[in-house]
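What follows is the residue order along each chain.
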Amino acid sequence: MIDILVVLAYFCAIFGIGLYVGRKQESLESYALGNRNLPWWAILASILAAEISAATFLGAPGEGFALRNFTYAQLAIGTILGRIIVGRLFLQPYYRYNVVSIYEYLEKRFGLSTRRWASITFLISRVLASGTRLFFAGILLVIAYMMITGQDSAGQMETVVIYIAALTFITIATAVYTTLGGLKAVVWTDVLQASILAISLITTICVLLFSIKAGGSWGAAWDSICYHLGNKDYNPCEIQNLKPWAFFDSGITGQGLLADIKNILGSEYTLWSAVLGSTFITMATHGTDQDMVQRMLAAPDSKKGARAVILSGLMDMPIVLVFISCGMLLFVYFAQQGITPPEKQIEIFPWFIIHCLPVGVRGLLVAALLATAMGSLSTALNALATTATRDWYVDVFRPTAGQQEQLVAVRWLTVFFAVLLIVVGAGTAWLTVMDPTVRILPIALGIFGYTYGSLLGVFLLGMLTRGRGNDRGNMLAMLAGFVAVVALEILTRCELVTPIAFPWRVTIGTLVTFGVGACFRTPLDCIRRACDRE
C-alpha cells in the first residue's frame, strides 16, 4: 500500500507541475522552446533526465553485474568531449539563425532538400528508437504483476498483453502533460524526475551496502565484495591490481598491429571507443537530434545553453559509476544470499527492486523507473511534434498558418506520435516475448548507429566548411553514409569482415557522409547568406 502511495504521489506531482508551468501558450515557439527563458540549471537537469532512459536505468546495472568492472564507464569520456564540441560549435549557428527546428539551419546553409532529408531521417529514427525503448519500462511492471499474482511465469500472450498495457499507460500519461504544457512542462517535470532518480539510486546503494555488511564490520563487507567479485586471493596492498576494479581498457592485445586494430574496432568498451567512438555518438545525439538540442535552445543565449550541455557531460561520469557500482553490488548480494539471478541480464535489477527492496524504497525505485521512461519519452514527443509541425505542416502544407493554428497542429501531432510510439513499443514487446533470444538493447542503440552518422556528417559539413556541400551532394552523401554502415553490418553477419562494435557505427557513417559531401561545391547564394549571418 505504501509503495502505491509513493507512485501516486509521483504522478500527482508530475501532472501538477506539467499543467501549471504550461499555461499561457500562444505560439509554436512558446510550446517548443518555452519562450527561450528557461534557466540553464533546469535545462541541465532535463538533459540528464532525458538521456537516462529506462534502457540505461536497467541496462547499466546489468552491465556492472555481468562485467564486474568499470570499463563500461569509459564511454563517459567521449560524452564529455562531444558535449564540449556541441556547446562550442553547434549552438552558436542555431542561435544565429534563430531556428525552432534545427533542420532549418540546413536549409539556410545548403537548401530545402537537405533540410527535408535530414528532418525525415530524424523523425523515422526517433520513432523507432523511442518506441523500442518503451519496452524496457514494461519489464518492471511485468515482474511486479507476476509477484502480486503469485506466478513464477506467465504465458506468452498474457505477458504481451501486460507489456502493451504498461507502455500504453506510461505513454498516455506522458502525452497528457506534454501536449498541454509543451517544453516548459517537459523541462520542469524533468527536474523533479532527475531528483527522484538521484534519491532512488543513493538509497539503493545504501540498502545493498548494509545488506552486504549484514551485521559485520565494514572491513568484512569490503573483503566480501572483493571475494565475490572474483578475487579469492584478495590482498589489501594490491587493490590497484584487482581486475574487477578495472576502468581503462586500451584494447592492445600485444599480438601485432592488425590484431590490435581488429580488437579495438570489435570491442565496445575500450579507451579508443571512449575517446573517438563515444565522442562522435555524443555529437550526433546532442548536436543533430532535435530531441536534445531543443531544450538547449530554450536558454536565453548560446552561452547558457552551452553551459547546461557541458556540465551535463561532467555529471555523466559519476552517474554512470553509480549505476555500474549498483550492478556490481547486486552480484555480491545475489552470491551472498544464494539467489539465482534471472536469465536475462536486463531483468536482474527490476527483479531485485520488486523482490528484495523494503516497502517504501521499492515504491521509490518504481517511481524512478517511471520517471526515466517518462522523462525521455516526453522530450521525444515534444521534439517529434515540433519537427513535424515546423518542417512539414507549416513549410509544406500550410505556409500561411497563424500562430494559433500552429499551436493546435503541434498538440495534435504530439497525440499522433504518442499513438505511433505505442504501436512500435507493442511490436517490440511481441517480438521479444515470442523470441526470447532477441537482444533489444543492441537494437535500441543500433538504430541511431545506422542513421545518425549521416545526420552528423552533413551538419559538420555545414559548420566546418564554408564552400562545400549542396542539396544534391548532401542527399548522395547521407545515403552513402547509411549504406556504408549497413554494408559493414551485412559483411559482419556473413563473417566476411571483423565485427564492428556499435560505438564505431556513427563514426564511420559520419566520415563517409562528410567525405562524399565535401566533393560538391556550395552555391554562391548560400555562401552569401551564410556570410551575411556572420
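The present account deals with the structure reproduced in this document.

As for the packing of aromatic side chains
In this description, an aromatic ring pair is defined by two values, namely the gap between the centres and the angle between the planes.
1) Next: This structure, assessed with the given rule, holds 15 aromatic pairs.
2) Next: A ring pair is formed by Trp41 and Trp188, whose centres lie 5.5 Å apart and whose planes are at 70°; its orientation type is edge-to-face. Linking Trp41 in helix 3 (residues 40–51) with Trp188 in helix 8 (residues 156–213), this pair joins segments that are 147 residues apart in sequence.
3) Next: Given a relative accessible area of 46%, Trp41 falls into the partly exposed group.
4) Next: Looking at Trp188, the relative accessible area reads 24%, which means it is partly exposed.
5) Next: Ring centres of Phe65 and Phe334 lie 5.8 Å apart, and the angle between their planes is 75°; this geometry places the pair in the edge-to-face category. Of this pair, Phe65 sits in helix 4 (residues 54–67) while Phe334 sits in helix 13 (residues 302–337), placing them 269 residues apart in sequence. For the pair Phe65 and Phe334, one class covers both residues: buried.
6) Next: The rings of Phe65, Phe331, Tyr333, Phe334, Trp351 and Phe352 are connected pair by pair, giving a single aromatic cluster.
7) Next: The ring of Tyr95 carries Arg36 above its face, with NZ or CZ at 6.0 Å from the centroid.
8) Next: A cation over an aromatic ring shows up here: Arg505 above the ring of Tyr450, its NZ or CZ 5.0 Å from the ring centre.

Some details on the environment of Gly287
1) Next: Structurally, the position occupied by Gly287 is in helix 11 (residues 271–287).
2) Next: Gly287 gets classed as buried once you look at its relative accessible area, which sits at 0%.
3) Next: For the pair Gly287 and Leu91, spaced 196 residues apart in sequence, the C-alpha to C-alpha distance is 7.9 Å.

So, the nonpolar core
In a soluble, globular protein the nonpolar side chains are often hidden away together inside.
1) Next: In this structure, Tyr10, Phe57, Tyr94, Phe349, Met374 and Phe459 are the most contacted members of the largest nonpolar core, which totals 128 residues.
2) Next: Here the element with the most residues in this core is helix 8; it accounts for 21 residues.
3) Next: Discounting residues that sit within four places of it in the chain, Tyr94 has contacts with Val99, Ile102, Tyr105, Gly287, Thr288, Val293, Leu297, Phe459 and Met463.
4) Next: In this structure, Leu28, Tyr31, Ala385 and Leu407 belong to the second largest nonpolar core, which totals 5 residues.

Details of a nonpolar patch on the surface
1) Next: Nonpolar side chains collect at one region of the surface, where Leu81, Ile84, Leu271, Trp272, Val275 and Leu276 lie side by side and expose about 460 Å² of accessible area between them.
2) Next: For the nonpolar patch, the secondary structure elements donating two or more residues are helix 5 (75–96) and helix 11.
3) Next: Among the elements that take part in the nonpolar patch, helix 11 stands out by supplying 4 residues, more than any other.
4) Next: Turning to its location among the elements, Ile84 is positioned in helix 5.

Notes on the packing of helix 3 against helix 8
1) Next: Two elements in contact, helix 3 and helix 8, have axes whose closest approach is 8 Å; the angle formed by their N-to-C orientations is 70°. As judged from the angle between their axes, helix 3 and helix 8 are roughly perpendicular. Note that helix 3 runs across helix 8; the crossing there is left-handed. Contacts between helix 3 and helix 8 involve Trp41, Ala42, Ile43, Ala45, Ser46 and Ala49 on the former and, on the latter, Val186, Val187, Trp188, Asp190, Val191 and Ala194.
2) Next: Of the residues belonging to the contact of helix 3 with helix 8, the class tally is 10 nonpolar, 1 polar and 1 charged.

Structural notes on the pattern of salt bridges
1) Next: Under the defined criterion, the tally for this structure stands at 11 salt bridges.
2) Next: Across the pair Glu104 and Arg390 runs a salt bridge whose closest N-O atoms are separated by 2.9 Å. Pair noted here: Glu104 is in helix 6 (residues 103–109) and Arg390 is in helix 15 (residues 361–397), with a separation of 286 residues, a long-range link.
3) Next: For Glu405, the salt bridge identified is with Arg398, shortest N-O distance 2.8 Å.
4) Next: Under the relative-accessibility criterion, Arg398 is labelled partly exposed at 36%.
5) Next: Members of the salt-bridge network, linked through shared partners, are Glu107, Arg115, Arg116, Asp391 and Asp395.

Some remarks on the environment of Val394
1) Next: Residue position: Val394 is located in helix 15.
2) Next: Val394 sits in the buried class, given a relative accessible area of 14%.
3) Next: As a C-alpha pair, Val394 and Glu405 span 11 residues in sequence and 9.6 Å in three-dimensional space.
4) Next: Each residue touching Val394, except ones within four places of it in the same chain, is listed here: Thr389, Pro399 and Gln406.

Some words on the environment of Ile172
1) Next: In this structure, Ile172 sits in helix 8.
2) Next: By relative accessible area, Ile172 is classed as partly exposed at 48%.
3) Next: Residues Ile172 and Val415, spaced 243 residues apart in sequence, show a C-alpha to C-alpha distance of 8.7 Å.

Let's talk about the packing of helix 15 against helix 16 (residues 403–434)
1) Next: Their axes nearest at 8 Å, the elements helix 15 and helix 16 cross at an angle of 125°. Considering the angle they form, helix 15 stands oblique to helix 16. When the axes of helix 15 and helix 16 are compared, the crossing they make is right-handed. Contact with helix 15, carried on its side by Leu377, Leu381, Leu384, Ala385, Thr386, Ala388, Thr389, Arg390, Tyr393 and Val394, involves Glu405, Gln406, Ala409, Val410, Leu413, Thr414, Phe417, Ala418 and Leu421 of helix 16 and no other residues of that element.
2) Next: The class makeup of the residues in the contact of helix 15 with helix 16 is 13 nonpolar, 4 polar and 2 charged.

What counts as what
Residues numbered from 1 in each chain as written. Predicted model: local features only at pLDDT ≥ 70, side-chain atom pairs only at ≥ 80, totals over all residues. Heavy atoms only, no water. Phe/Tyr/Trp six-rings, centres within 6.5 Å; stacked < 30°, edge-to-face > 60°. Helix = DSSP H or I, 4+ residues; strand = E, 2+ residues; numbered from the N terminus. Buried < 20%, exposed > 50% of the residue type's maximum accessible area, 1.4 Å probe, protein only. Lys NZ or Arg CZ within 6 Å of the ring centre and 35° of its normal. Core = buried A, V, L, I, M, F, W, Y, C linked by side-chain atoms within 4.5 Å. Contact = heavy atoms within 4.5 Å. Patch = residues over 30% accessible without salt bridge, like charges linked within 9 Å, V, L, I, M, F, W, Y side chains within 5 Å. Areas by Shrake-Rupley, 256 points an atom, 1.4 Å probe, with all protein chains shown as cover. Salt bridge = Lys/Arg side-chain N within 4 Å of Asp/Glu carboxyl O. Axes fitted to C-alpha atoms, helices over the stretch in contact; angles between N-to-C directions. Parallel < 35°, antiparallel > 145°, perpendicular 65-115°, else oblique. Left-handed = near helix turned anticlockwise from the far one by under 90°. Nonpolar A, V, L, I, M, F, W, Y, C, P; charged D, E, K, R; others polar.

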